[in-house]
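Read off the chains here:
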Amino acid sequence: MPDGWQWDRTLFRGSAAYYDQGRLPYAPGFADRLAETLGLDRRGRLLDVGCGPGTVTLALAGHFAEVVGVDPDPDMLAEARHRARRIGVDNVHWVEARAEDLPADLGVFRAVLFAQSFHWTDRDRVAATVLDMLVPGGAFVHMSDHKEPPARPAPLPHPTPPFERIRALVRDYLGEVRRAGQGVLVNGTPGREDLVLARAGFEGFQRLIVPAGEVVERSADDVVAWVFSRSDSAPHLFGDRRDEFEHDLRGVLRDASPDGVFAERLPDTEIMLWRKPSVA
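Model, not experiment: these values are computed from the prediction. (Residues numbered from 1 in each chain as written. Predicted model: local features only at pLDDT ≥ 70, side-chain atom pairs only at ≥ 80, totals over all residues. Heavy atoms only, no water.)

Engineer: Where do I start with helix α7 (residues 193-200) in this structure?
Structural biologist: What sets the pattern is the α-helix's 3.6 residues per turn: residues three or four places apart point alike. Taken together, the buried positions of α7 are Glu193, Val196, Leu197 and Ala200. Along the axis of α7, the buried positions cluster into a sector of 90°, meaning they face one direction only. For α7, exposure combined with an orientation more than 90 degrees from the buried face picks out Ala198 and Arg199. Looking at the buried positions of α7, the neighbouring elements they touch are α5 (123-133), β5 (134-145) and β11 (269-275). Phi for Gly201, located one or two positions after α7, is positive at around 110°. (Buried < 20%, exposed > 50% of the residue type's maximum accessible area, 1.4 Å probe, protein only. Helix = DSSP H or I, 4+ residues; strand = E, 2+ residues; numbered from the N terminus. Arc of directions from axis to C-beta. Contact = heavy atoms within 4.5 Å.)

See below:
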């Protein structure tokens, strides 16, 4: 887990309702690219750990016989169930649990996926557990936005959201050290997943970059939703100053774009894969 930090149930409290509107999607085609790489054939099972409102779970559901989404936040799971019903996905089972609760009698899987969630866990413990939950040759999948922007990005048709000013405003309200639930992240969240997975016994590392780059328009409401969808600016953190914060946030956005229209370029999606050794 992040140094000096302990998980608690308020990590994303109040954020679930803002995910759909606030978060940018993963790169189009990421599900097909992953399916091709893993040779998926609508058989076997997928476990999505820290599934949130089911964004990745539902995108991949058609490539497996059964999918299980696990998350400790009941509001996230409520959003996921609503999405599944809305789009007619019926091969998904939702479980309220932490990664540290695994294996939780969930059985074995062809792939276990963490989409921007592994860093919140006791990674060595969870990686060792996941190894036991995979079939021989099964895949540990780590997904995130690709952090490297294009070398020479083309101009955008509208201003980008003023991210630095937004971060400064959050610090004014919540303090200089990044908040996370009831605790703080003094040193941020950890990386070097490769070392963690090697210690657990995984092998055969692969890295995929799924290109995106499309330009999307974002309204002021979209940017406000993005802020409240984040763990470090979840609505509950502002207490009785939440409305005051939102008022000031919208003022920052009006200064940056008086007509309330912003533009962002969708980031590429990075997928990292490791395999459980096959039985000889």
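Engineer: Before we go on, may I ask you to explain the packing of aromatic side chains in this structure?
Structural biologist: The geometry of an aromatic ring pair is captured by the separation of the ring centres together with the interplanar angle, meaning the angle of the planes. Tallied over the entire structure, the rule returns 16 aromatic pairs. Look at Tyr173 and Phe238: their rings are 6.1 Å apart centre to centre, the planes differ by 70°, and that puts the pair in the edge-to-face class. Residue Tyr173 is located in helix α6 (residues 163-174), and its partner Phe238 is located in the loop between α8 (220-228) and α9 (242-256); the two are separated by 65 residues in the primary sequence. Measuring from ring centre to ring centre gives 5.3 Å for Tyr173 and Phe245, while their planes differ by 80°; the resulting arrangement is edge-to-face. (Phe/Tyr/Trp six-rings, centres within 6.5 Å; stacked < 30°, edge-to-face > 60°.)

Engineer: So what exactly am I meant to see when it comes to unusual backbone geometry here?
Structural biologist: Note: most peptide bonds trans; most residues except glycine with negative phi. A cis geometry characterises the amide bond from Leu102 onward to Pro103, with omega recorded as 15°. Note on placement: Pro103 falls in the loop between β3 (92-96) and β4 (109-115). Unusually for a residue other than glycine, Ala104 sits at a positive phi of about 50°. Counting through the fold element by element, Ala104 comes out in the loop between β3 and β4.

Engineer: Where do I start with the packing of α5 against α7 in this structure?
Structural biologist: Two numbers describe a pair of packed helices, the interaxial angle and the distance between the axes. With their axes 9 Å apart at the nearest point, α5 and α7 run at an angle of 50° to one another. On the basis of their axis angle, the class for α5 and α7 is oblique. Like other packed secondary-structure pairs, α5 and α7 cross with a definite hand, here right-handed. Residue-level contacts link Arg123, Asp124, Ala127, Ala128 and Leu131 of α5 to Glu193, Val196, Arg199 and Ala200 of α7. Residue composition of the contact of α5 with α7, by class: five nonpolar, no polar and four charged. (Axes fitted to C-alpha atoms, helices over the stretch in contact; angles between N-to-C directions. Parallel < 35°, antiparallel > 145°, perpendicular 65-115°, else oblique. Left-handed = near helix turned anticlockwise from the far one by under 90°. Nonpolar A, V, L, I, M, F, W, Y, C, P; charged D, E, K, R; others polar.)

Engineer: Mind showing me how you'd approach the nonpolar core here?
Structural biologist: Considering soluble globular proteins, one finds that nonpolar side chains tend to be buried as a cluster. If you look at the biggest cluster of nonpolar residues, it comprises 33 residues, and the most contacted ones within it are Leu60, Leu113, Val141 and Met143. Only α2 (30-38), α3 (55-60), α4 (74-87), β3, β4, β5, β8 (203-210) and β11 provide two or more residues apiece to this core. Per element, the largest residue contribution to this core is five residues, and it comes from α2. Residues within four places of Leu60 in sequence aside, it is in contact with Phe30, Ala31, Leu34, Leu46 and Leu113. Grouped together as the second largest cluster of nonpolar side chains are 26 residues, Val68, Leu134, Phe140 and Trp274 included. (Core = buried A, V, L, I, M, F, W, Y, C linked by side-chain atoms within 4.5 Å.)

Engineer: Got a minute to help me understand the packing of α6 against α9 in this structure?
Structural biologist: Direction vectors running N to C along α6 and α9 enclose 160°, while the axes themselves pass 10 Å from each other. Taken together, the axes of α6 and α9 are roughly antiparallel relative to one another. For the pair α6 and α9, the crossing hand works out as right-handed. Where α6 abuts α9, its residues Arg165, Ile166, Leu169, Val170 and Tyr173 lie against Glu244, Phe245, Asp248, Leu249, Val252, Leu253 and Asp255. Partitioned by chemical class, the residues of the contact of α6 with α9 number eight nonpolar, no polar and four charged.

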